[in-house]
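In case you want the letters, here they are:
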Amino acid sequence: MPATVVPLLQNGFYVGNNFNAIIYGLELAVYFLTVRVMLSRKHKHVPSDKFFLIFSTVILCLNTVFVATQAVFGEEMWIVNADYPGGMDAYLGDFVSVWYQTFGTAASIVLNLLSDALLIYRCFVVWDDIRVIVFPSMLYLASFSLGMAQLVESSRTGSSYFAGLAKNLGIAYTSIIISLEVIVTALICGRIVYAGRKYQRAMGNDVGRTYTSAAAIIVESALLSTLTGIAYLVTFVLGHDLEIFFLSIYVMMTCFAPQLIVLRVMSGRAWTRDRSTMFGTRLEFTDRSTTHVGGQDDEKYTLGSPISVTNASAERVMGTIEAV
């Protein structure tokens, strides 16, 4: 009996489902770590805790819908309907818009929009300047409209997410959403790198490493989501058979990257607007024995003002700022 050649698209779908399961396990671990940190007695509770916990729960539920629908569709295509006339590709073409697949697509689009909303908010936090997010916000509104249009078109009977008008809308939607993520990621990365270098010149290499390390840049900027999104966009536009694989990875990262941000926020290691203001403060070292803040000889430190400190008092200043 001759061997059956399985198309690359089917291989990509199968491998993507396996990666979905692996990344979903990581997401569950990060989510429960977040809950554990929030419930810890050592955790200093703030009003935003509930919001971030609800946000983290919602995106996890949306991602669960996507993972489940992909798994069910794979089972139907490869096992339940293994003898479907025309084979697996014919089944994929005929049932790609089945109701539960449409449900999964809707969940992934909403997940993507929530993820990018958080990314724009974090960009505002890092820069502490609303002007920086005006253009990204305009792109976000455009992506919302195109995402809804693509969802409606791809849900029609006989329509396909990967062909026809639905694909054209998908290319427009994906191009805008990835452009948004690239721009915001670059803004966040650039801000953190700039602030880190400025801080090192003022306080030394060891100070502020928690907020300017490579891990901080990757997590704060949702770099994992952006990079996988670029890979998906390229294969989607070219119509490559691996587009469905990179789609799965990208959707998973739109949940995993925000989960890491939320965990970092809950752990008190993320950037805040106070820290953004702190990095905009001018630091000067003098030979004085006292620390001057805004020209006053006292022990009160304010953010956003010129600060003159001796080398010996640098650690005392940092301890006060970190307590803010």
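This is a predicted model, so every value here is computed, not measured. Residue indices follow the written sequence of each chain, beginning from 1 at its first position. Totals for whole chains, interfaces and linings use every residue, but because this is a predicted model, local features are given only for residues with pLDDT of at least 70 and side-chain atom pairs only at 80 or more, for both listing and counting. Calculated side-chain values reflect all of the structure's heavy atoms, with hydrogen atoms and water omitted.

**Digging into the overall build of the protein**
Line of reasoning, step 1. In DSSP terms, a helix is any run of H or I states spanning at least four residues, a strand is any run of E spanning at least two, and both are numbered starting from the N terminus. Looking only at helices and strands, the protein features twelve helices and three strands.
Line of reasoning, step 2. Only protein chains enter the accessibility calculation, which uses a 1.4 Å probe; a residue whose area is less than 20% of its type maximum is buried, one above 50% is exposed, and one in between is partly exposed. Looking at the protein as a whole, 47% of its 324 residues qualify as buried.
Line of reasoning, step 3. A separation threshold of at least 6 residues defines the contact pool for the protein, and within that pool the share at least 24 residues apart is 76%.
Line of reasoning, step 4. For the area figures, the Shrake-Rupley method with a 1.4 Å probe applies, and any residue is considered shielded solely by the protein chains shown. Just so you have it, the protein exposes about 16100 Å², and 64% of that area is on carbon and sulfur atoms. The contact rule is simple, with two residues in contact once any of their heavy atoms fall within 4.5 Å.

**Brief notes about the nonpolar core**
Line of reasoning, step 1. Here, the term nonpolar core denotes a set of buried Ala, Val, Leu, Ile, Met, Phe, Trp, Tyr and Cys residues that are joined through side-chain atoms within 4.5 Å. Ranked by internal contacts, the top residues of the largest apolar core, which has 58 residues, are I177, L180, V184 and I188.
Line of reasoning, step 2. Sorting elements by how many residues they give to this core places helix α10 (residues 243-266) first, with 14 residues.
Line of reasoning, step 3. One finds L9, F73, M77 and Y100 within the second-largest nonpolar core, a separate group that totals ten residues.

**So, unusual backbone geometry**
Line of reasoning, step 1. The phi dihedral of D128 is positive, around 55 degrees, even though this residue is not glycine.
Line of reasoning, step 2. Summarising the element assignment, D128 is placed in the loop between α4 (99-127) and α5 (134-154).

**What about the side chain of Q259?**
Line of reasoning, step 1. Mapped onto the elements, Q259 comes out in helix α10.
Line of reasoning, step 2. Its relative accessible area of 0% is what places Q259 among the buried residues.
Line of reasoning, step 3. When residues no more than four places from it in sequence are discounted, the contact partners of Q259 are V30, Y31, T34, S56, I59 and L60.

**Digging into a nonpolar patch on the surface**
Line of reasoning, step 1. A contiguous nonpolar surface patch, about 470 Å² in accessible area, is contributed by Y14, V15, F19, I22 and L26.
Line of reasoning, step 2. With respect to the helices and strands, the residue F19 is situated in helix α1 (residues 8-39). Exposure above 30% relative accessible area and the absence of a salt bridge qualify a residue for a patch, where like charges join within 9 Å and nonpolar side chains (Val, Leu, Ile, Met, Phe, Trp, Tyr) within 5 Å. The term salt bridge refers to a side-chain nitrogen of Lys or Arg lying within 4 Å of a carboxyl oxygen of Asp or Glu.

**Regarding the packing of helix α9 (residues 223-238) against α10**
Line of reasoning, step 1. Where helices are involved, their axes are fitted lines through C-alpha atoms of the stretch in contact, as for all axes, and angles between N-to-C directions lie from 0 to 180°. Their axes nearest at 8 Å, the elements α9 and α10 cross at an angle of 160 degrees. Classified by the angle their axes make, α9 and α10 are roughly antiparallel. The two elements α9 and α10 cross, and the hand of that crossing is left-handed. Between α9 and α10, the contacting residues are L224, S225, T228, G229, A231, Y232, T235 and F236 on the first element and E243, F246, L247, I249, Y250, M253, T254, F256, A257 and L260 on the second.
Line of reasoning, step 2. In terms of residue class, the contact of α9 with α10 is built from twelve nonpolar, five polar and one charged. Small angles under 35 degrees read as roughly parallel and large ones over 145 as roughly antiparallel, with 65 to 115 read as roughly perpendicular and the rest as oblique. The hand of a helix crossing depends on one turn: near helix anticlockwise from the far one by less than a right angle means left-handed, and clockwise means right-handed. All amino acids are sorted into three groups, where Ala, Val, Leu, Ile, Met, Phe, Trp, Tyr, Cys and Pro are nonpolar, Asp, Glu, Lys and Arg are charged, and the leftover types, Gly among them, are polar.

**Side note on the packing of aromatic side chains**
Line of reasoning, step 1. Pairing of aromatic rings covers Phe, Tyr and Trp, the last counted by its six-membered ring, and requires centre-to-centre distances within 6.5 Å; plane angles under 30 degrees mean stacked, over 60 mean edge-to-face, and any other angle means tilted. Applying the stated criterion across every chain, the model contains 16 aromatic pairs.
Line of reasoning, step 2. With a centroid separation of 6.0 Å and an interplanar angle of 25 degrees, the aromatic rings of F13 and F73 are classed as stacked. Highlighted residues: F13 in helix α1 and F73 in helix α2 (residues 48-80), separated in sequence by 60 residues. The residues F13 and F73 share a single accessibility class, namely buried.
Line of reasoning, step 3. Three or more aromatic residues joined by ring pairs make a cluster, and in this case those are F13, Y14, F73, W78, Y84, Y91, F95, W99 and Y100.
Line of reasoning, step 4. The rule is short: NZ of Lys or CZ of Arg within 6 Å of the ring centre and within 35 degrees of the ring normal puts a charge over the ring. Cation over ring: R191 sits above W127, and NZ or CZ is 5.3 Å from the ring centre.

**Let's talk about the environment of V193**
Line of reasoning, step 1. Examined against the element boundaries, V193 turns out to sit in helix α6 (residues 164-203).
Line of reasoning, step 2. By relative accessible area, V193 is classed as partly exposed at 33%.
Line of reasoning, step 3. Here the alpha-carbon distance between V193 and A214, two residues 21 residues apart in the chain, equals 9.3 Å.

**Details of empty space enclosed by the protein**
Line of reasoning, step 1. In this analysis a 1.4 Å probe is tested at points of a 1 Å grid over the protein atoms alone, and where it fits but cannot get out there is a cavity; an open set with protein on both sides within 12 Å along at least five of seven lines is a pocket; lining residues have an atom within 4 Å of a point. Grid points are joined across faces, edges and corners, and a volume is the space filled by probe spheres set on the points. All chains considered together, the criterion is met by two cavities of 30 Å³ or more.
Line of reasoning, step 2. One number sums up the size of the largest cavity: a volume of about 230 Å³.
Line of reasoning, step 3. Around the largest cavity, the lining comprises 20 residues; the ones closest to its centre are Q70, Q101, T105, Y161 and L247.
Line of reasoning, step 4. Broken down by secondary-structure element, the contributors of at least two residues to the lining of the largest cavity are α2, α4, α5 and α10.

**Some thoughts on the side chain of N17**
Line of reasoning, step 1. Counting through the fold element by element, N17 comes out in helix α1.
Line of reasoning, step 2. Overall, N17 belongs to the buried group, its relative accessible area being 14%.
Line of reasoning, step 3. Within the structure, N17 has its side chain in polar contact with the backbone oxygen of Q70 (distance 3.2 Å). For this analysis, a polar contact is any N or O atom pair within 3.5 Å, provided that within protein one partner can donate a hydrogen and the other can accept it, and provided that sequence-adjacent residues contribute only side-chain to side-chain pairs.

**Quick word on the confidence of the model for the protein**
Should the pLDDT be low somewhere, the predicted coordinates at that spot are not to be read in detail.
Line of reasoning, step 1. Per residue, pLDDT captures the predictor's confidence, and it can take any value from 0 to 100. Averaged over all residues, the pLDDT of the protein is 79; the fraction at 70 or higher stands at 76%.
Line of reasoning, step 2. Predicted confidence for residues 281-324 stays below pLDDT 50, and this span has 69 contacts to residues more than four positions away or in other chains.

**Looking at the packing of α1 against α2**
Line of reasoning, step 1. For the pair α1 and α2, the least separation of the axes is 10 Å and the interaxial angle reads 155 degrees. What the angle tells us is that α1 and α2 run roughly antiparallel. Both α1 and α2 take part in a crossing whose hand is left-handed.
Line of reasoning, step 2. Among the residues forming the contact of α1 with α2, the class breakdown is 15 nonpolar, nine polar and three charged.

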